[in-house]
Each structure stands twice: as structure tokens, then as C-alpha cells.
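Understanding the architecture of this molecule
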Amino acid sequence: MNGAHDLGGMHGLGSIDAEPNEPVFHEEWERRMFGLFIATFAGGHFNVDEFRHAIERMDPAHYLESPYYEHWLHSCETLLVESGAISRKELDARVAKLEKEAK
Amino acid sequence: MPVLKADMVETLVKTGASCRADAKVAPRFRCGERIVVRNINPLHHTRLPRYVRGKRGTVERDRGVFVFPDTNAHGQGHKAQHVYSVRFTGRELWGPQASERDILYLDLWDDYMDPV
Amino acid sequence: MVHPRHNAPLSDTALRVKALESLLVEKGLVDPQALDALIDTYENKVGPHNGARVVARAWTDPAYKRRLLEDATSAIAELGYTGIQGEDMVVVENTPEVHNMVVCTLCSCYPWPTLGLPPNWYKSAPYRSRAVIDPRGVLSEFGIAVPDTAEVRVWDSNAELRYFVLPMRPEGTEEMNENELAGLVTRDSMIGTGLPKTGAAGASAKADTQRRRK
């Protein structure tokens, strides 16, 4: 699809800011998301092409502004809900529960 | 569905999951052949970037037979076919602003190209 | 400007990841200890030090270099660096006439077993968009001046082949052993946006090694 991910040749997207001595993961959630993707992929829930396509289906502004591993979160949530492994309702309920516990 | 266990991780990491396909499929293109990239604009998943559609290039090397993402992303099967490293000049892609000696290589499946 | 929000507070995103993990664990679909093992592997074990060994071997062993350029997957496997996102490898060689650079314009494809996980700049919109249309401009921002007479080859990893660059061996390194040579090879030199450390840096490292041995 002709989505926002197809970036080759685009202008105006800003400077290449290479962080010196960048850590592999910046946040704990990135670590966990990395692991979750590999584990669910290895578990056969989706293939790599489906995974990429689900990222491409993100809202373009969200895609361009979000940190990298948020793409993986979006994709895994989308595919696991579409396959029926989890439901959107129980995911939202779990988020709400954790939000409450964090307060 | 299988669940990945900690003691399986090392093997998984070292083995990976190649997208090469076992299928015996004849290549459509020969090394050195001139091609034109198809101008396709599908709504479905593709690994054919917009910047190369309709452009002319040269097939440089046959990398073998691989699963085709355009079908595999949509439950439509592997449709295994050859993938080639194809060479494009910067001028062909971007016009006279490009340096004469800028070259771009992309890996293109049989279904992404036509002979010139 | 498009810059990702790295500093968002314990956010929505962090909560959603926690929620996803806890649900999947509860349903028995994911084992948290497997997650820990995966994270540890890619955070602490796999990294560009692997690719550096491949480069150092190629610099010191011409027959290995030929194998590496002809069938990188097999040659790299000789050193044990196989697996996820490195199943089908291609290594491209820098020469005085050719400078190579690797990108994935469509996402973030990168050779994990040899280079580890990619840095954020490689996966972000600015590099992905500019590397293919203005490679010399990008290289000059990374401090590399490619002569007009040299060819710049950009490899867009849009399929399942994974690429890295075999940089040129720095001058003045004839006395160095393979380990010392590997120490000169930077991650960026294997992406094509950097050069190996010079022989001078290496000579000083070698002198340190010799002093420590005494």
C-alpha cells in the first residue's frame, strides 16, 4: 500500500540525530515489547509479512511521531485481536486495571 | 499454538526463520538483463517502494527463490519466486540532480518487473 | 520536524505493553522467562562485535574474504553468527572506487546476528528517506567525504536479504592481529555511515596491549 512507511525520497522529515553510545533499549517497555514480538511470532500467531502490513496500517501521523517499538505494539495488538487470541475488550480492561493500580 | 520457552530461545535465535522457499521455480530474468519496474499501486502489502515504480534497471544477481510478501501477508500463500538484486542509477530514479555515480540496489521479486 | 517522543511519561504505551504481556502470560500464550532470555540475548550478547570479527577475518584471510563476498551466509556461519534476521546475508565491499551504504526505506531491516539491533537513527524517517535520494549528503553529515570520482552504492533492504559493508582495512595496520583489527571495526563502518578506526588508534591500542603484557 502507498502508506506513510514508504519513505524513500521524501523531503522535510528532519535531521538524522545519531545518539552517541545509544543503548539497545531506552525504556523497559521497549525491552518487553521486543520480547513479546519475537515470542508471538515464534508462537505462530502471525508471519513477518502480516506483521509489517499491520504497521503499515497505522494512522500515518501516529506512525511518523511514535517511538519505534510503539509500531511493534500496534502491530501485535492488531494481529492478536484480529486472530482472536485476545479481544479488544479484555485488552482495554487490562489497561484500565493497570492504570488504576498505578495511581 | 506452541509457546516459546526459555530453553528454546538459544536455538530459535541461532536458527531464525528464513523466507527462502524450497519450490523449484524457473527465473523470469537473467543476470545482465534490462528490466522496467511495474507501476503497481496495490492497497495490499507490497515491498515495492514507490520511488522505483516505472523505473528502468539492470538485473545484477539472482538471489534465489523466496516467499512473496504481497500474497503471504494476506493468507494467499507463498507464491514462491525469484528475487534479484537490481541496479538503478541515481539519475534514473531522481533526475539530473543526482550524482552521475550514485547507484541504488533493490531486491525485486519476479512479479515486480517486466522485461524492457 | 518529525521526531519520536522518547521522553513520554509512563504512559499509555508502557501501560499497554504491560497489559499485553500480562494478558498473554495469563492465557498461556507467552512465557515471561522466554521474554527475559530473548531480551538478554539481544541486549547483552548479540552485537556489532560479531560483525567486527567477520571483517577482521576477511582482512587477514583472502580466501575467507572471497567466500564472504560470494556466499556471505555460509562464510558468516563458519564463525557461528547465524539466525534471526541474518538467515540470508550479503556482504558488500568498499574499495577506493566504491563506497557502500545500507538502509531499509520501508521499515528497519538490519542484520541482527552480525550487527545486533539497529540504532534509532537507522529506523527513523530522516535516514530512511534521505539515504536513497541524497546519499552523499547523508555521508558528509556522518563525516565521510566520498570523492566525486567514486561510486556510492546504496542497498535498500526491501526483501529478506540482509546486508552489511566490508570496510577497507585502514593503513598502517599490517602488524595487528585479528583481535586488534576487530577492535577497529565500528558498527557504523558496517552500515556504511562510518569508517573503521584508524591505524593510529589501533597502534595506540596495540601499544597498550603490549605494555599490559610486560
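Here the structure is shown first, and the text comes after it.
This report concerns the structure included in the present document. (Residues numbered from 1 in each chain as written. Chains lettered and ligands numbered in written order. Predicted model: local features only at pLDDT ≥ 70, side-chain atom pairs only at ≥ 80, totals over all residues.)

1. Focus: the overall build of chain B
Within chain B one finds three helices and five strands. Mapped from its N terminus to its C terminus, chain B presents α and β elements in the order α-β-β-α-β-α-β-β. When its C-alpha atoms are laid out on the principal axes, chain B stretches across 55 × 30 × 30 Å. Of the contacts formed within chain B by residues at least 6 apart in sequence, a portion of 62% connects residues at least 24 apart. (Helix = DSSP H or I, 4+ residues; strand = E, 2+ residues; numbered from the N terminus. Contact = placed C-beta atoms within 7 Å.)

2. As for the environment of K97(A)
Structurally, the position occupied by K97(A) is in helix α5 (residues 88-102). Linking K97(A) and N47(A), residues 50 residues apart in sequence, is a C-alpha distance of 31 Å.

3. A closer look at the sheet that holds strand β2 (residues 98-103) of chain C
Strand order in this open sheet of seven strands is β5(B)-β1(B)-β2(B)-β3(B)-β4(B)-β3(C)-β2(C), and the pairing throughout is mixed. This sheet does not close on itself; its edge strands, each paired only once, are β5 (113-115) of chain B together with β2 of chain C. Sheet twist, expressed as the average angle between the axes of neighbouring strands with direction ignored, equals 35 degrees. Direction of pairing for strand β1 (residues 34-37) of chain B relative to β5(B): antiparallel, over a ladder of three bridges. Residue I35(B) lies in a different strand from β5(B), and its bridge partner there is P115(B). (Pairing = 2+ DSSP bridges. Axes fitted to C-alpha atoms, helices over the stretch in contact; angles between N-to-C directions.)

4. Let's talk about the pairing of strand β4 (residues 102-109) of chain B
Residue and element names in this part refer to chain B. The buried count for β4 comes to eight of eight residues, which makes it a mostly enclosed element. Here β4 shows two buried faces, one formed by D102, L104, L106 and L108 and the other by I103, Y105, D107 and W109. Inspection of the sheet shows strand β3 (residues 81-89) paired to β4 by seven bridges, in the antiparallel sense. Bridge assignment links V83 to a residue of β4, and that residue is W109. (Buried ≥ 20, exposed ≤ 12 C-beta atoms within 10 Å, placed from the backbone.)

5. What to know about the interface of chain A and chain B
Listed by partner, the interface residues are 16 residues for chain A and 16 residues for chain B. Mapped by element, the contributors of at least two residues to the side of chain A that touches chain B are α1 (28-42) and α2 (48-56) of chain A. In terms of residues, the side of chain A that touches chain B owes the most to one element, α2(A), which gives five residues. Split by residue class, the side of chain A that touches chain B holds three nonpolar, eight polar and five charged. (Nonpolar A, V, L, I, M, F, W, Y, C, P; charged D, E, K, R; others polar.)

6. Things to note about helix α2 (residues 32-45) of chain C
When the terminal C-alpha atoms of α2(C) are compared, their 19 Å separation across 14 residues agrees well with the 20 Å that a helix rising 1.5 Å per residue should span. Those residues of α2(C) that fall on the buried side of the exposure criterion are A34(C), L35(C), A37(C), L38(C), I39(C), T41(C) and Y42(C). On its buried side, α2(C) packs onto α1 of chain A together with α1 (9-15) of chain B. (Expected span 1.5 Å × (residues − 1).)

7. Describing the interface of chain C and chain A
Opposite the 45 residues of chain C that make contact, chain A presents 48 residues. Those elements that place two or more of their residues in the side of chain C that touches chain A are α1 (12-26), α2, α7 (120-123), α8 (125-133) and α9 (135-141) of chain C. Considering every element that reaches the side of chain C that touches chain A, the biggest residue donor is α1(C), with 12 residues. The residue makeup of the side of chain C that touches chain A, split by class, is 28 nonpolar, eight polar and nine charged.

8. Notes on unusual backbone geometry
Of note, K79(B) is a non-glycine position whose phi angle comes to about 40 degrees, a positive value. Inspection of the secondary structure puts K79(B) in the loop between α2 (69-72) and β3. The class of K79(B) is partly exposed, set by 17 C-beta atoms lying within 10 Å. Positive phi values are uncommon outside glycine, yet Q85(C) reaches one of about 60 degrees. Residue position: Q85(C) is located in the loop between α5 (72-78) and β1 (89-93). When the 23 C-beta atoms within 10 Å are taken as the criterion, Q85(C) is described as buried.

9. Considerations on the packing of helix α4 (residues 68-83) of chain A against α1(C)
For the pair α4(A) and α1(C), the least separation of the axes is 11 Å and the interaxial angle reads 40 degrees. By the angle between their directions, the pair α4(A) and α1(C) is classed as oblique. Where α4(A) crosses over α1(C), the handedness of that crossing is left-handed. Contacts between α4(A) and α1(C) involve E70(A), L73(A), C76(A) and E77(A) on the former and, on the latter, T13(C), R16(C), V17(C) and L20(C). Of the residues contributing to the contact of α4(A) with α1(C), the split by class is four nonpolar, one polar and three charged. (Parallel < 35°, antiparallel > 145°, perpendicular 65-115°, else oblique. Left-handed = near helix turned anticlockwise from the far one by under 90°.)

Shape descriptors only; they carry no functional weight alone.
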